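Observations on chain architecture
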Amino acid sequence: MTSRPANGSGWNIRVRARDRPDCTAITAQLDAWLARSMWRERMEWGYRDLPPRVIAEPLLRIPGHRRPHEICVYCFGGVPQYIKVNTFPHGAETVSGCFDIALRQLALYAKPSPAPFPAEMDPARLFDAARRLSAGLVYLRVDFLVAEGAPGCAN
């Protein structure tokens, strides 16, 4: 079993299928996390009135990659404005690319890398979902994880 901070304020516990889970250690770690407040620790306003919860999800894998591909749609006023695509090749640096909503590459970061927009993804579906999720908000980044050619929402 390993535990490590994920990006942002979330935390992960990974139990490998071949390992026998140490239920006492896992329970102690979960209890410690549930006692913490991301609102108090990091002033993350979105967590202020949320009671802590444990969420268990299947581990998504892509052969040859450390993590599933990630498509981040940045929405302002409920309207998608630009996209960042991250890929995580095994044994290599993360590769990122930024695009406008017409899928033209943008140079938004100091070290842009040419991660292409996944050909199997329908950007219209992603933009529609991002529009609905960000409606009524000043700003929201909607993250999609892509595994086996299908997106899943990560926020």
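In the block above lies the structure referred to throughout.
Reference entry: report on the structure contained in this document. (Residues numbered from 1 in each chain as written. Predicted model: local features only at pLDDT ≥ 70, side-chain atom pairs only at ≥ 80, totals over all residues. Heavy atoms only, no water.)

1. Considerations on the overall build of the protein
- Helix and strand counts for the protein stand at three helices and eight strands.
- Starting at the N terminus, the α and β elements of the protein follow one another as β-β-α-α-β-β-β-β-α-β-β.
- Expressed as a percentage of its 155 residues, the buried residues of the protein come to 29%.
- Across the protein, the fraction of contacts at a sequence separation of at least 24, relative to all contacts at a separation of at least 6, is 40%.
- For the protein, the accessible surface area stands at approximately 10600 Å², while carbon and sulfur atoms represent 56% of it. (Helix = DSSP H or I, 4+ residues; strand = E, 2+ residues; numbered from the N terminus. Buried < 20%, exposed > 50% of the residue type's maximum accessible area, 1.4 Å probe, protein only. Contact = heavy atoms within 4.5 Å. Areas by Shrake-Rupley, 256 points an atom, 1.4 Å probe, with all protein chains shown as cover.)

2. Details of helix 3 (residues 123–134)
- Helix length check: helix 3 (twelve residues) gives 16 Å between terminal C-alpha atoms against 16 Å at 1.5 Å per residue, within 8%.
- Taken together, the buried positions of helix 3 are Pro123, Leu126, Phe127, Ala129, Ala130 and Ser134. Within helix 3, the buried residues cover an arc of 165° as seen down the axis, which keeps them to one side. Residues of helix 3 that are exposed and point over 90 degrees away from its buried face: Arg125 and Arg132.
- Capping the start of helix 3 is the job of one residue whose side-chain oxygen sits 3.1 Å from the backbone nitrogen of Ala124: Asp122.
- Just beyond helix 3, the residue with positive phi is Gly136, at close to 85°. (Expected span 1.5 Å × (residues − 1). Arc of directions from axis to C-beta. Polar contact = N/O pair within 3.5 Å; in protein donor to acceptor, adjacent residues only side chain to side chain.)

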